[in-house]
Amino acid sequence: MLLNEDMATSLGRAGLTPSRTHLLWELAAHGPMSQRDLAERLKVSARTVTGLVDGLVATGFVTREPHPSDRRAFLVTFTERGTATAEALQKGQEQFAELLFGQMDRELFDKFSAGLAEVLDRFKHGLATQTWEAP
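Residues numbered from 1 in each chain as written. Predicted model: local features only at pLDDT ≥ 70, side-chain atom pairs only at ≥ 80, totals over all residues. Heavy atoms only, no water.

A word on the overall build of the protein chain
For clarity, the threshold we go by: Every helix listed is a DSSP run of H or I at least four residues long, and every strand listed is a run of E at least two residues long, numbered separately from the N terminus. Categorising residues by exposure relies on relative accessible area from a 1.4 Å probe, with only protein chains included: less than 20% of the type maximum marks a residue as buried, more than 50% marks it as exposed, and the intermediate range marks it as partly exposed. Areas reported as accessible are Shrake-Rupley estimates using a 1.4 Å probe. Residue values count occlusion only from the protein chains shown.
Along the protein chain, the regular secondary structure elements total six helices and three strands. Ordered by position in the sequence, the α and β elements of the protein chain form the string α-α-β-α-α-β-β-α-α. By residue count, 23% of the 135 residues in the protein chain fall in the buried class. Surface summary for the protein chain: the accessible area is close to 10,100 Å², and the carbon and sulfur share equals 57%.

Quick notes on the packing of aromatic side chains
So the rule is basically this: Note on aromatic contacts: the rings of Phe and Tyr and the six-membered ring of Trp form a pair at centre separations within 6.5 Å, being stacked when their planes are under 30 degrees apart, edge-to-face when over 60 apart, and tilted otherwise. Put simply, a charge is over a ring when the Lys NZ or the Arg CZ is close to the ring centre, within 6 Å, and near the line of the ring normal, within 35 degrees.
Under the criterion given, the structure shown has two aromatic pairs. An angle of 70° between the planes, with centres 5.5 Å apart, marks the rings of Phe-101 and Phe-109 as edge-to-face. Judged by centre distance (5.6 Å) and plane angle (40°), the ring pair of Phe-101 and Phe-112 falls under tilted. With Phe-101 in helix α5 (residues 80–101) and Phe-112 in helix α6 (residues 106–129), this residue pair connects regions lying eleven residues apart in the sequence. These aromatic residues form a ring-pair network of at least three members: Phe-101, Phe-109 and Phe-112. The ring of Phe-61 carries Arg-81 above its face, with NZ or CZ at 4.1 Å from the centroid.

A short note on the packing of helix α2 (residues 18–30) against helix α3 (residues 35–42)
What counts, and what does not: Interaxial angle, 0 to 180 degrees, is taken between N-to-C directions of lines fitted to C-alpha atoms, where a helix line uses only the stretch in contact. In what follows, roughly perpendicular refers to angles from 65 to 115 degrees, roughly parallel to angles under 35, roughly antiparallel to angles over 145, and oblique to any angle outside these ranges. We call two residues contacting when some pair of their heavy atoms lies within 4.5 Å.
Where α2 meets α3, the axes come as close as 10 Å, and the angle between the chain directions of the two elements is 110°. Relative to α3, the element α2 lies roughly perpendicular. Here His-22, Leu-23, Glu-26, Leu-27 and His-30 of α2 lie close against α3, whose contacting residues are Leu-38, Arg-41 and Leu-42.

Examining the environment of Gly-82
As for its position among the elements, Gly-82 is in helix α5. Gly-82 sits 22 residues away from Gly-60 along the chain, and the two C-alpha atoms are 7.2 Å apart. Residues within four places of Gly-82 in sequence aside, it is in contact with Gly-60 and Phe-61.

Below, the structure is given as structure tokens:
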């Protein structure tokens, strides 16, 4: 909860939401792409992506450029502001990882990683096999 609140506050100062930031991460990782491809990567509807992209266009993070091979589609592409923001987000993530783990003994870090991997595997298994009912 603490991390979510801090992230939302920091992103809000930059004019972003967690959902818009997720879209920026996908563009940073995979380059310009159509809204259809973004919807698939984000696992959301085309309508949802349209709203996210509209907001990012309005705030100057991305543009819609003509698709080179599909005249019915557009590529969502970074603006200079979007590129700078994605780079700053990456740098911030690296700095945060350094803050958390930079001074940790390697053996302790390896044990922590192994324990976390086990917890995540149990969580994934639980999601796949359990049905949860509200009381």
